[in-house]
Amino acid sequence: MRMSRYFLPILKETPAEAQIVSHRLMLRAGMIKQASAGIYSWLPLGFKVLRRLEDIVHEEQIRAGHNPMLMPTLQSADLWRESGRYEDYGEEMLRITDRHGRDMLYGPTNEELITDIFRGHVQSYKDLPLTLYHIQWKFRDERRPRFGVMRGREFFMKDGYNFDVSKEAALHAYNRHMVSYLRTYERMGLKAIPMRADSGPIGGDDTHEFLVLADTGESEVFYDSAILDLKLGDRDVDYDNWDQCSAIKDEWTTPYARTDETHNEARFAEVPEAHRKSSRGIEVGQIFYFGTKYSDAMNAKVVNEEGAHVPVHMGSHGIGVSRLVGAIIEASHDDNGIIWPESVAPFKVGIVNLKQGSEEADGACEALYKELNAKGLEPIYDDRNERAGAKFATMDLIGIPWRITVGPRGLKNGVVELTSRKTGESVEVTPEEAVARCEAIYADV
Ligand code: ATP
Ligand code: MG
């Protein structure tokens, strides 16, 4: 992409309405624009990051054996009356009436709709286990939408639902989701800690929230710092292996980690003092096992191996995809702007031309641009007639992990400068070497 053609409405002033750094940076970097309270347009740069996160979520869900699909945003109230949640959900639900006077709603979540799909098509244990998910816009009429995309009213969420013949099988699905979520967050360059949580309006006994530590988080969290050392890495996970998934779940849930809702002082006191930490956290996902709550209410049964009709065991699992864009920025920024982890960066490499209009510099930049594109290294080329300082500031603000700076002085010696956004370190290398290094860096991402 050429900066001269890119819609990147950068703000010079720090927007007064933004209270936290991710919101400020998303506005300043031209990623989003508020449409109305808690509702945002995703401008090209923000949209690109959102898509990157969506891609990672899809890849990890499919790896775990789950089925992607797409349900609508608008739902009929009838299904929610069946489950009893039409009244229970309260003012967070946006209720709509169509021209025929039918009650509709903008989905805040999809347990009812998915259970209806399931009961219409699945009758036998032979079709289980089954997990269906989608990534779709949700609407919750939050009392206090704030912090930009972190607590929006309209937000983008992955929600998945597992159907199993028994509690044991459903608990494996729970563990499998935990593992796939850990891997998803790790790939996004985040440390998200599973913490025992309260089940809220979804209902159920077993539930964990995933929290990213950040001073601006809305939750108060208490944890054993040993959990920060855990890493899934490139372990070979077999998602059908009950023992392996269960062992990984145990590994991550044995160290103490809870939100204030489930915090237990006595248990916390057992953690060695040097490891006892409390801070703030951002909830970026949650998994639930809720048994037969919806299948009982909506009569979703399967025939089991013994020939008996039994209500199907279910769980639901959510990742806040749009909130994650903000959470990643909260976790990774400095005074100059965003620092994207390589795996989610909107562009992989930035090219800064120090002397736009000079035949030499333009030629070298064009060649680099072509080469990086050919290698799938998605460059953004600042080809505007701007001062060098302004170009650097833009690249830093929008957080491109690697920058190649091209100027007449370096070119005289056959070199360009390759700079890391994270460390600020630069090396002088030939243009070919700069491309080769970027290729090597991104091959590991
Ligand atoms: P919260 O406690 O933050 O209101 P929740 O527990 O009600 O969230 P879930 O039903 O668990 O939310 O939804 C799954 C995920 O969707 C959450 O973990 C969060 O990351 C995201 N999410 C929920 N509400 C919002 C919102 N208003 N704006 C952006 N993301 C949200
Ligand atoms: Mg939640």
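Residues numbered from 1 in each chain as written. Chains lettered and ligands numbered in written order. Predicted model: local features only at pLDDT ≥ 70, side-chain atom pairs only at ≥ 80, totals over all residues. Heavy atoms only, no water.

**Here we look at the overall build of the protein**
Looking only at helices and strands, one finds 14 helices and 23 strands in the protein. Computed over C-alpha atoms, the radius of gyration of the protein comes to 24 Å, within 12% of the 22 Å expected from 2.2 N^0.38 for 445 residues, which places it in the range of a compact globule. Nonlocal contacts in the protein, meaning residues at least 24 apart in sequence, comprise 71% of its contacts between residues at least 6 apart. For the protein, the exposed surface amounts to about 20000 Å²; the carbon and sulfur share of it is 46%. Charge-centre separation for the protein: the mean point of 55 positive side chains lies 4 Å from the mean point of 71 negative side chains. (Helix = DSSP H or I, 4+ residues; strand = E, 2+ residues; numbered from the N terminus. Rg over C-alpha atoms; globule rule 2.2 N^0.38 Å. Contact = heavy atoms within 4.5 Å. Areas by Shrake-Rupley, 256 points an atom, 1.4 Å probe, with all protein chains shown as cover. Lys, Arg positive; Asp, Glu negative; His and termini not counted. Charge placed at Lys NZ, Arg CZ, Asp CG, Glu CD.)

**Comments concerning a negative patch on the surface**
Residues Asp 198, Glu 220, Asp 260 and Glu 261 make up a contiguous surface patch of negative charge. If you trace the backbone, Asp 198 turns up in the loop between strand S9 (192-196) and strand S10 (206-213). Exposure remark for Asp 198: the relative accessible area of 43% places this residue in the partly exposed category. (Patch = residues over 30% accessible without salt bridge, like charges linked within 9 Å, V, L, I, M, F, W, Y side chains within 5 Å. Salt bridge = Lys/Arg side-chain N within 4 Å of Asp/Glu carboxyl O. Buried < 20%, exposed > 50% of the residue type's maximum accessible area, 1.4 Å probe, protein only.)

**Things to note about the packing of helix H2 (residues 44-63) against helix H10 (residues 321-331)**
Viewed as axis vectors pointing N to C, H2 and H10 meet at an angle of 115 degrees, and their least axial separation amounts to 9 Å. When the interaxial angle is binned, H2 and H10 end up roughly perpendicular. Crossing of H2 against H10: the hand is right-handed. In contact with Val 49, Leu 50, Leu 53, Glu 54 and Val 57 of H2, H10 contributes Val 321, Ser 322, Leu 324, Val 325 and Ile 328. (Axes fitted to C-alpha atoms, helices over the stretch in contact; angles between N-to-C directions. Parallel < 35°, antiparallel > 145°, perpendicular 65-115°, else oblique. Left-handed = near helix turned anticlockwise from the far one by under 90°.)

**Overview of the domain arrangement of the protein**
Taken domain by domain, the protein comprises domain 1 (3-337) and domain 2 (347-443). The centre of domain 1, based on its C-alpha atoms, is set 37 Å off from the matching centre of domain 2. Between domain 1 and domain 2 the total buried area reaches about 1200 Å² when both faces are included, carbon and sulfur atoms providing 64% of it. The largest share of the area that domain 1 buries against domain 2 comes from Met 3, Arg 52 and Asn 336, three residues that together contribute 42% of it. In this structure, the connection of domain 1 to domain 2 is made through three salt bridges. The closest approach of N and O atoms between Arg 52 and Glu 378, which form a salt bridge, is 3.0 Å. Linking domain 1 to domain 2 there are six residue pairs in polar contact (both at pLDDT 80 or more). For the side of domain 1 that touches domain 2, the elements supplying multiple residues, two or more each, are helix H1 (21-28) and H2. (Domains from an automatic or database assignment. Buried area = accessible area lost by both parts, 1.4 Å probe. Polar contact = N/O pair within 3.5 Å; in protein donor to acceptor, adjacent residues only side chain to side chain.)

**Concerning the pattern of salt bridges**
Between side chains of opposite charge, a pair can form as their charged atoms come close. For the structure on display, the rule yields 27 salt bridges. A salt bridge links Arg 85 to Glu 111; the shortest N-O distance between them is 2.9 Å. One end of the pair, Arg 85, is in helix H4 (residues 85-88); the other, Glu 111, is in helix H5 (residues 111-121), with 26 residues separating them in the sequence. Residue Glu 111 is classed as buried on the basis of its relative accessible area of 1%. The salt bridge involving Glu 218 is made with Arg 151; its shortest N-O contact spans 2.9 Å. Taken together, the residues Glu 218 in the loop between S10 and strand S11 (219-224) and Arg 151 in the loop between strand S7 (130-139) and strand S8 (154-164) connect sequence positions 67 residues apart. The partly exposed category is assigned to Glu 218, whose relative accessible area is 31%. Connected through salt bridges with shared partners, the residues Lys 48, Arg 52, Lys 348 and Glu 378 form a single ionic network.

**Remarks on the coordination of the magnesium ion (ligand 2)**
Protein-derived coordination of the magnesium ion (ligand 2) comes from Glu 283 (OE) and Gln 286 (OE1), at a distance range of 1.9 to 2.1 Å. Residue Glu 283 is classed as partly exposed on the basis of its relative accessible area of 25%. Residue Gln 286 is classed as buried on the basis of its relative accessible area, which comes to 12%. (Donors = N, O, S within 2.8 Å, 3.2 Å for Na, K, Ca; no water.)

**Let's talk about the sheet that holds strand S21 (residues 402-406)**
Strand pairing in a sheet is mediated by backbone hydrogen bonds. Such pairs are either parallel or antiparallel. Pairing within the open sheet is mixed, and its five strands lie in the order S20-S19-S21-S22-S23. Two strands in the sheet have a free side with no partner beyond their single neighbour: strand S20 (379-382) and strand S23 (426-429). On average, adjacent strands in this sheet sit at an angle of 20 degrees to one another, irrespective of strand direction. Sheet strands in contact with helix H11 (residues 359-374) are strand S19 (349-353), S20 and S21, and its direction is about 170 degrees off that of S19. (Pairing = 2+ DSSP bridges.)

**Topic: the pairing of strand S2 (residues 39-42)**
In the sheet, strand S1 (residues 32-36) pairs with S2 via four bridges, with the strands oriented antiparallel. The residue bridging Gln 34 from the neighbouring strand is Tyr 40, located in S2. The turn joining S1 and S2, which pair antiparallel and follow one another in sequence, is formed by two residues; a positive phi near 70 degrees is taken by Gly 38.

**Things to note about unusual backbone geometry**
Phi is mostly negative for residues that are not glycine, and the peptide bonds are mostly trans. Omega for the peptide link from Leu 128 to Pro 129 comes to 0 degrees, which places this bond in the cis form. Along the chain, Pro 129 turns up in the loop between H5 and S7. In this structure, Asn 299 takes a positive phi of about 55 degrees despite not being glycine. Mapped onto the fold, Asn 299 is located in the loop between helix H9 (293-297) and strand S14 (301-303). Asn 299 sits in the exposed class, given a relative accessible area of 51%.

**Description of the pairing of S20**
Neither face of S20 is exposed, since Pro 379 and Tyr 381 on one face and Ile 380 and Asp 382 on the opposite face are all buried. In this structure, S19 lies alongside S20, joined through four bridges in parallel fashion. Following the sheet pairing, Val 349 is matched in S20 by Pro 379. A crossover links S19 with its parallel partner S20, the connecting element being H11, and its sense is right-handed. (Right-handed = clockwise from strand over helix to strand, strands pointing away.)

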